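Spelled out from the first residue to the last, the chains are:
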Amino acid sequence: MSESLVVIGSQWGDEGKGKITDYFACRADMVVRYQGGNNAGHTVVFDGHKYSLQSIPSGIFNPKTVNVMANGMVVNPVSVIEELERLHKQGITDYQLFISSRAAMVMPWHSAFDGAYEALKGGKLIGTTKKGIGPAYSDKYSRTGLRIGDLLEPEYFAERLQAALAEKNPQLEMLGLPTYDFQAVYDQYMEIAKVIGPMITDTSLLIDSYLRQEDKKVLFEGAQGMMLCIDHGTYPYVTSSTPSASSVPVGAGISPKWVKNVLGVAKAYCTRVGEGPFPTELFDERAHEIRERGHEYGTVTGRPRRVGWFDAVVARYTSRLAGIDWWALMLFDVLSGLDKIMICTGYECDGEILQAPPSTIATLARCKPVLIEMDGWKEDITGCRSFDELPEAAKAYVRKIEEITETPVGMISVGPDRKQTITIAEELKKF
Ligand code: GDP
Ligand code: IMO
Ligand code: MG
């Protein structure tokens, strides 16, 4: 039987999914992205080089790994080509990449609408990445979108494009935005088809064939984080997909029976980029210190990330919803040097202590974090390669997180490099 592992973000994104996926991709036969698009920014660091990926899976650096952009993604082919060009410039030329013919296609007007809708919110911004993700998913669900596979059927593509422009051009005009000429878009996308055409396939069949093979290792790489989930996140300050392990079967086009072994990637503190409630947010010097030490600036947009303490209310919630088997506790080195480190164990709201996030952000806005204080440590831990090498206070912090989230820590990351990783869980050592 094949082995599979799902890597998901369990907070507000940017937890270090790229690093963890790359770490396992060195041994994986296949890496699959199954939701989101180029709103993601996944960083991978090894051999002194840093790479940033948006929509391409983080297995791209291992020539033996088959990388799949599956049907649940919204794929911007222009951005895929740009990303590949960037990788080529960095010397990454030997790779395997396939794109689902069923994936929704992000078209140029989607980012135009994304920006315009934000501008119309009169200051109450979501703070999107303006990559057109929301408008592309909207078109998918209203059944007016184009799909990647349409590029291989020029006549059908022309039909769908004509229909899309008949709907979008009047809307663009109303918003005072430039409209699109059918022939120009058609010609541009037929050129794009020449480049990405050979990568387009029925990825559902491809993934299934790997899962059915003995000794194959398949990794599912989530994007964004559970608190940005369209259903379970801090709506409306969320993205337009479901970053959970629950998305894997639909988004990869496989049976749910293959989904097992879920690794929840969590920072040892919390960050959030964009607007929306963030109960443990810090506004003082400590936020500044953590932001600078962790280089907490968005990979996609360069925006400074908001910083707060580890939120166990969120962690328990996401562990329950996604069936997280282990945490990969990330950026642990960034906490070195703090005198005291806080962990949020509950929310105080209207005289009650809540153990799970409330379902509306109006209530969440009234929540105050209940914090416990842990001792910090002074030692630099970036060179630690086993749990035993960590300072006692750091070990106590890990144990406390396991206790209050009722989920074991399977891995600890002590630096951005592939090598700066401590694997604790035996099952993960074997993957
Ligand atoms: P992703 O979107 O979940 O893949 O995460 P990002 O790549 O957007 O953000 C994580 C950032 O933290 C990147 O700059 C990584 O290189 C960096 N990083 C990952 N793990 C560690 C770690 O353990 N320590 C430090 N200092 N940086 C890390
Ligand atoms: P990775 O995969 C952090 C946030 C945006 C915004 C909200 C909606 O790198 O963890 P969107 O463009 O998706 O409509 O924006 O979601 N967001 C992310 N924040 N990491 C990400 O991806 C994100 N992708 C979207 O900042 O608040
Ligand atoms: Mg990121």
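Residues numbered from 1 in each chain as written. Chains lettered and ligands numbered in written order. Predicted model: local features only at pLDDT ≥ 70, side-chain atom pairs only at ≥ 80, totals over all residues. Heavy atoms only, no water.

Colleague: What am I meant to see in the site of ligand 1 here?
Modeller: Lining the immediate environment of ligand 1, one finds 19 residues, of which Lys17, Gly41, Thr43, Asp333 and Ser413 sit closest. Gly41 has a polar backbone atom sitting 2.8 Å from an oxygen atom of ligand 1. Arg305 places a side-chain nitrogen or oxygen 3.3 Å from an oxygen atom of ligand 1. About the coverage of ligand 1: the protein hides 94% of its 590 Å² of free accessible area. (Near = heavy atom within 4 Å. Polar contact = N/O pair within 3.5 Å; in protein donor to acceptor, adjacent residues only side chain to side chain. Areas by Shrake-Rupley, 256 points an atom, 1.4 Å probe, with all protein chains shown as cover.)

Colleague: Just checking my understanding: could you explain the layout of surface pockets for this structure?
Modeller: The rolling of a water-molecule-sized probe over the atoms marks out the regions of remaining empty space. Here the largest pocket defines a volume of roughly 730 Å³. Along the walls of the largest pocket sit 42 residues, with Ile126, Thr128, Thr129, Val238 and Thr239 positioned nearest its centre. When residues of the lining of the largest pocket are traced back to their parent elements, those giving at least two are helix 3 (108–119) and helix 4 (133–141). Counting residues per element, the lining of the largest pocket draws most heavily on helix 4, which supplies six residues. (1 Å grid on protein atoms, 1.4 Å probe; cavity = no way out; pocket = protein on both sides within 12 Å on 5 of 7 lines; lining within 4 Å. Points joined across faces, edges and corners; volume = space filled by probe spheres on them. Helix = DSSP H or I, 4+ residues; strand = E, 2+ residues; numbered from the N terminus.)

Colleague: Is there a simple way to explain the site of ligand 2 in this structure?
Modeller: Around ligand 2, a shell composed of 20 residues is seen, among which Asp14, Lys17, His42, Thr129 and Thr239 lie nearest. Here Val273 contributes a backbone N or O atom positioned 3.2 Å from an oxygen atom of ligand 2. Protein chains shield 98% of the accessible area of ligand 2, which is 550 Å² for the free molecule. Among the residues forming the shell around ligand 2, the class breakdown is seven nonpolar, ten polar and three charged. (Nonpolar A, V, L, I, M, F, W, Y, C, P; charged D, E, K, R; others polar.)

Colleague: What exactly am I supposed to notice about the coordination of the magnesium ion (ligand 3) here?
Modeller: By definition of the ideal shapes, a tetrahedral metal site with four donors has angles of 109.5 degrees and an octahedral site with six donors has angles of 90 or 180 degrees. Looking at the magnesium ion (ligand 3), the protein donor atoms are Asp14 (OD) and Gly41 (O), and they sit 2.0 to 2.1 Å from it. Note that Asp14 is positioned in the loop between strand 1 (3–9) and helix 1 (17–25) and Gly41 in the loop between strand 2 (30–33) and strand 3 (42–46), a separation of 27 residues in sequence. (Donors = N, O, S within 2.8 Å, 3.2 Å for Na, K, Ca; no water.)

Colleague: In this structure, what is going on with a nonpolar patch on the surface? I would like to understand it.
Modeller: Taken together, the side chains of Tyr117, Leu120 and Leu175 make up a nonpolar region of the molecular surface, amounting to roughly 290 Å² of accessible area. Residue placement: Leu175 occurs in the loop between helix 5 (154–174) and helix 6 (182–196). (Patch = residues over 30% accessible without salt bridge, like charges linked within 9 Å, V, L, I, M, F, W, Y side chains within 5 Å. Salt bridge = Lys/Arg side-chain N within 4 Å of Asp/Glu carboxyl O.)

Colleague: I'm lost on the pattern of salt bridges in this one. Help?
Modeller: Between side chains of opposite charge, a pair can form as their charged atoms come close. Counted according to the given criterion, the structure contains 21 salt bridges. Put simply, Asp14 and Arg305 hold a salt bridge, and the shortest N to O gap is 3.1 Å. Residue Asp14 is located in the loop between strand 1 and helix 1, and its partner Arg305 is located in the loop between helix 9 (285–293) and strand 13 (306–308); the two are separated by 291 residues in the primary sequence. A salt bridge links Glu403 to Lys400, with the nearest nitrogen and oxygen atoms 3.5 Å apart. Residue Glu403 and its partner Lys400 are both found in helix 12 (residues 392–405); the two are separated by three residues, about one turn of the helix. Each of Asp14, Lys267, Glu296 and Arg305 takes part in one network of salt bridges that share partners.

Colleague: What am I meant to see in the packing of helix 3 against helix 5 here?
Modeller: Two packed helices can be described by the angle between their axes and the distance between those axes. For the pair helix 3 and helix 5, the least separation of the axes is 11 Å and the interaxial angle reads 25°. When the axis of helix 3 is compared with that of helix 5, the two are roughly parallel. Helix 3 and helix 5 meet at a crossing whose hand is left-handed. From helix 3, Trp109, Ala112 and Phe113 reach across to helix 5, where they touch Leu161, Ala164, Leu165, Lys168, Gln171 and Leu172. (Axes fitted to C-alpha atoms, helices over the stretch in contact; angles between N-to-C directions. Parallel < 35°, antiparallel > 145°, perpendicular 65-115°, else oblique. Left-handed = near helix turned anticlockwise from the far one by under 90°. Contact = heavy atoms within 4.5 Å.)

Colleague: Whenever I open this one, the sheet that holds strand 11 (residues 262–267) confuses me. Can you help?
Modeller: Two modes of strand pairing occur in sheets, parallel and antiparallel, and in both the strands are linked by backbone hydrogen bonds. Overall, mixed pairing links the ten strands, which are arranged 9-7-5-2-10-1-11-15-19-20 in an open sheet. The open sheet is flanked by strand 9 (200–201) and strand 20 (421–423), the only strands paired with a single partner. (Pairing = 2+ DSSP bridges.)

Colleague: I tried to follow helix 4 on my own but got confused; where do I start?
Modeller: Since the α-helix packs 3.6 residues into each turn, any two residues three or four apart lie on the same face. Within helix 4, burial applies to Ile133, Pro135, Ala136, Tyr137 and Asp139. Residues of helix 4 that are buried sit in contact with strand 6 (74–75), helix 3 and helix 5. (Buried < 20%, exposed > 50% of the residue type's maximum accessible area, 1.4 Å probe, protein only.)

Colleague: Help me understand the side chain of Asn71 in this model?
Modeller: The topology assignment puts Asn71 in the loop between strand 5 (66–69) and strand 6. With a relative accessible area of 14%, Asn71 lands in the buried category. Setting aside anything within four residues of it in sequence, one finds Asn71 in contact with Ser100, Arg102, Ala103, Ala104, Lys140, Thr203, Val250, Gly251, Ala252 and Gly253.

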